[in-house]
Amino acid sequence: EYVCILANDVFLSKDWFVYAKDAIDRGIYDFFVPWMQNHTYWHPYNKLLEEGAKGVKEFDEKEKEGGLYHSISFSDAGISCIVAKKSIWEEVGLFDENLLIYWDRDYKFRLEEKNKYVGSDIRCLATHLGPFTRYSDNILDYGFDFGGQHEKDVEYFKQKWGGRNP
(Lines give C-alpha, C1' and ligand atoms only; values in the text may rest on other atoms or scores of the structure.)
Protein backbone atom coordinates (compact mmCIF):
# COMPACT_ATOMS: atom_id res chain seq x y z
CA GLU A 1 0.00 0.00 0.00
CA TYR A 2 2.95 2.36 0.69
CA VAL A 3 6.38 2.80 -0.87
CA CYS A 4 9.35 3.87 1.22
CA ILE A 5 12.80 4.70 -0.06
CA LEU A 6 15.22 4.54 2.85
CA ALA A 7 18.99 4.92 2.70
CA ASN A 8 21.09 2.57 4.78
CA ASP A 9 22.74 5.45 6.64
CA VAL A 10 19.65 7.09 8.17
CA PHE A 11 18.63 7.07 11.82
CA LEU A 12 14.91 7.62 12.41
CA SER A 13 13.02 8.52 15.56
CA LYS A 14 10.73 6.00 17.20
CA ASP A 15 7.29 5.73 15.56
CA TRP A 16 8.43 7.69 12.50
CA PHE A 17 6.18 5.67 10.20
CA VAL A 18 3.14 6.35 12.40
CA TYR A 19 3.57 10.07 11.68
CA ALA A 20 4.30 9.49 8.00
CA LYS A 21 1.25 7.29 7.51
CA ASP A 22 -0.99 9.69 9.43
CA ALA A 23 0.06 12.70 7.33
CA ILE A 24 -0.43 10.74 4.11
CA ASP A 25 -3.71 9.10 5.10
CA ARG A 26 -5.20 12.40 6.25
CA GLY A 27 -4.24 14.02 2.94
CA ILE A 28 -1.87 16.53 4.50
CA TYR A 29 0.90 15.43 2.13
CA ASP A 30 1.22 13.13 -0.85
CA PHE A 31 4.92 12.49 -0.14
CA PHE A 32 6.32 12.48 3.38
CA VAL A 33 9.92 12.97 4.52
CA PRO A 34 11.18 12.96 8.11
CA TRP A 35 12.36 16.25 9.55
CA MET A 36 16.11 16.68 9.12
CA GLN A 37 18.46 19.31 10.47
CA ASN A 38 18.85 20.93 7.03
CA HIS A 39 15.11 21.57 6.65
CA THR A 40 14.32 25.13 7.69
CA TYR A 41 11.04 26.73 8.66
CA TRP A 42 11.09 29.65 6.24
CA HIS A 43 12.76 28.05 3.24
CA PRO A 44 9.79 25.77 2.39
CA TYR A 45 7.40 28.68 2.88
CA ASN A 46 9.40 30.79 0.43
CA LYS A 47 9.45 27.87 -2.03
CA LEU A 48 5.66 27.86 -1.99
CA LEU A 49 5.59 31.56 -2.78
CA GLU A 50 8.15 31.21 -5.58
CA GLU A 51 6.92 28.02 -7.18
CA GLY A 52 3.18 28.27 -6.53
CA ALA A 53 2.93 24.67 -5.29
CA LYS A 54 -0.55 24.01 -3.88
CA GLY A 55 -0.50 27.43 -2.28
CA VAL A 56 0.39 29.46 0.75
CA LYS A 57 -3.16 29.22 2.07
CA GLU A 58 -2.88 25.45 2.49
CA PHE A 59 0.53 25.86 4.11
CA ASP A 60 -0.92 28.36 6.59
CA GLU A 61 -3.80 25.98 7.39
CA LYS A 62 -1.32 23.22 8.17
CA GLU A 63 0.63 25.58 10.40
CA LYS A 64 -2.50 26.03 12.50
CA GLU A 65 -2.34 22.35 13.47
CA GLY A 66 0.22 23.23 16.10
CA GLY A 67 3.08 23.99 13.75
CA LEU A 68 3.81 20.29 13.30
CA TYR A 69 3.65 20.15 9.52
CA HIS A 70 6.06 21.88 7.19
CA SER A 71 6.02 21.89 3.40
CA ILE A 72 9.26 21.11 1.60
CA SER A 73 10.31 21.27 -2.02
CA PHE A 74 11.09 17.73 -3.24
CA SER A 75 14.57 18.72 -4.42
CA ASP A 76 15.32 20.15 -0.95
CA ALA A 77 13.76 17.26 0.96
CA GLY A 78 16.45 14.76 0.12
CA ILE A 79 15.75 11.21 -0.80
CA SER A 80 17.37 9.48 2.17
CA CYS A 81 13.87 8.64 3.42
CA ILE A 82 10.60 9.33 1.63
CA VAL A 83 7.18 7.66 1.88
CA ALA A 84 4.09 7.82 -0.32
CA LYS A 85 1.15 5.65 -1.19
CA LYS A 86 2.00 3.23 -3.95
CA SER A 87 -0.80 4.71 -6.08
CA ILE A 88 0.84 8.15 -5.92
CA TRP A 89 4.25 6.74 -6.95
CA GLU A 90 2.55 4.99 -9.87
CA GLU A 91 0.74 8.19 -10.90
CA VAL A 92 3.88 10.34 -10.89
CA GLY A 93 6.15 7.59 -12.24
CA LEU A 94 9.66 6.42 -11.56
CA PHE A 95 12.74 8.62 -11.47
CA ASP A 96 14.23 9.55 -14.85
CA GLU A 97 17.35 7.40 -15.07
CA ASN A 98 18.76 9.61 -17.83
CA LEU A 99 19.56 12.17 -15.13
CA LEU A 100 22.32 11.24 -12.72
CA ILE A 101 22.55 14.59 -10.96
CA TYR A 102 19.30 16.52 -11.48
CA TRP A 103 16.82 13.64 -11.20
CA ASP A 104 15.44 15.23 -8.02
CA ARG A 105 14.65 18.54 -9.74
CA ASP A 106 13.03 16.65 -12.60
CA TYR A 107 10.86 14.79 -10.11
CA LYS A 108 10.00 18.05 -8.36
CA PHE A 109 8.67 19.47 -11.63
CA ARG A 110 6.71 16.28 -12.26
CA LEU A 111 5.17 16.51 -8.78
CA GLU A 112 4.17 20.11 -9.46
CA GLU A 113 2.56 19.09 -12.75
CA LYS A 114 0.49 16.51 -10.85
CA ASN A 115 -0.23 18.98 -8.02
CA LYS A 116 1.40 16.75 -5.41
CA TYR A 117 2.59 18.00 -2.08
CA VAL A 118 5.76 17.08 -0.13
CA GLY A 119 6.16 17.76 3.55
CA SER A 120 7.29 16.73 6.98
CA ASP A 121 6.13 16.45 10.55
CA ILE A 122 8.63 17.82 13.06
CA ARG A 123 7.82 14.98 15.48
CA CYS A 124 9.44 12.59 13.00
CA LEU A 125 13.17 13.22 13.24
CA ALA A 126 15.94 11.78 11.09
CA THR A 127 19.68 12.00 10.85
CA HIS A 128 21.30 11.17 7.51
CA LEU A 129 25.00 10.40 7.70
CA GLY A 130 25.53 10.83 3.94
CA PRO A 131 25.99 14.62 3.98
CA PHE A 132 29.02 14.20 6.24
CA THR A 133 31.02 12.56 3.44
CA ARG A 134 29.26 13.76 0.27
CA TYR A 135 31.40 16.86 -0.27
CA SER A 136 34.75 15.19 0.01
CA ASP A 137 37.61 16.66 -2.00
CA ASN A 138 38.25 13.13 -3.26
CA ILE A 139 35.03 12.76 -5.29
CA LEU A 140 37.02 12.26 -8.52
CA ASP A 141 38.86 9.37 -6.87
CA TYR A 142 35.70 7.35 -7.43
CA GLY A 143 35.89 7.92 -11.19
CA PHE A 144 32.86 10.22 -11.38
CA ASP A 145 33.28 13.25 -13.64
CA PHE A 146 30.85 15.62 -11.94
CA GLY A 147 31.51 18.52 -14.35
CA GLY A 148 30.99 16.40 -17.45
CA GLN A 149 27.85 14.79 -16.06
CA HIS A 150 26.51 18.20 -15.04
CA GLU A 151 26.76 19.40 -18.64
CA LYS A 152 25.01 16.27 -19.96
CA ASP A 153 22.25 16.53 -17.38
CA VAL A 154 21.64 20.24 -17.99
CA GLU A 155 21.36 19.67 -21.76
CA TYR A 156 18.94 16.74 -21.32
CA PHE A 157 16.96 18.60 -18.65
CA LYS A 158 16.49 21.69 -20.83
CA GLN A 159 15.34 19.57 -23.76
CA LYS A 160 12.87 17.74 -21.56
CA TRP A 161 11.50 20.83 -19.79
CA GLY A 162 11.38 23.37 -22.62
CA GLY A 163 14.49 25.31 -21.72
CA ARG A 164 13.98 25.36 -17.95
CA ASN A 165 17.17 25.11 -15.93
CA PRO A 166 17.49 22.43 -13.27
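Heads up: these notes are all about the structure in this document.

Cut-offs used in this document
In this numbering scheme, every chain counts its residues from 1 along its sequence in written order. Given that this is a predicted model, residues contribute local features only at a pLDDT of at least 70 and side-chain atom pairs are listed and counted only at 80 or more, while totals for whole chains, interfaces and linings are drawn from all residues. Calculation of side-chain values draws on the structure's entire complement of heavy atoms; hydrogens and water are dropped beforehand. When a carboxyl oxygen of Asp or Glu is within 4 Å of a side-chain nitrogen of Lys or Arg, the pair counts as a salt bridge. By definition, any uninterrupted DSSP run of H or I lasting at least four residues is a helix, any uninterrupted run of E lasting at least two residues is a strand, and each is numbered from the N terminus. By definition, residues are in contact when any of their heavy atoms lie within 4.5 Å. For each residue, the accessible area found with a 1.4 Å probe, counting protein chains only, is set against the maximum for its type, and the residue is called buried under 20%, exposed over 50%, and partly exposed in between. By construction, the arc corresponds to the directions joining the helix axis to the C-beta atoms.

Before going further, it helps to examine the pattern of salt bridges. According to the stated counting rule, one finds nine salt bridges in the structure shown. Arg-105 is the partner of Asp-104 in a salt bridge, and the nearest nitrogen-oxygen pair spans 3.8 Å. As a salt-bridge pair, Lys-160 and Asp-106 come within 2.9 Å of each other at their nearest N and O atoms. You can see Lys-160 sitting in helix 8 (residues 146–160) and its partner Asp-106 sitting in helix 6 (residues 103–113), a full 54 residues away along the chain.

With respect to the helices and strands, the residue Val-10 is situated in strand 2 (residues 10–12). Linking Val-10 and His-128, residues 118 residues apart in sequence, is a C-alpha distance of 4.5 Å. Each residue touching Val-10, except ones within four places of it in the same chain, is listed here: Ser-80, Ala-126, Thr-127 and His-128.

Here we come to helix 1 (residues 16–25). Considered for burial, the residues of helix 1 that qualify are Trp-16, Ala-20, Ala-23 and Ile-24. With its buried residues spanning 100° around the axis, helix 1 presents them on a single face. Of the surrounding secondary structure, the elements contacted by the buried residues of helix 1 are strand 1 (2–6), strand 2, strand 3 (31–32), strand 4 (69–71) and strand 5 (81–85). Positive phi appears at Gly-27, one or two residues downstream of helix 1, with a value of about 80°.

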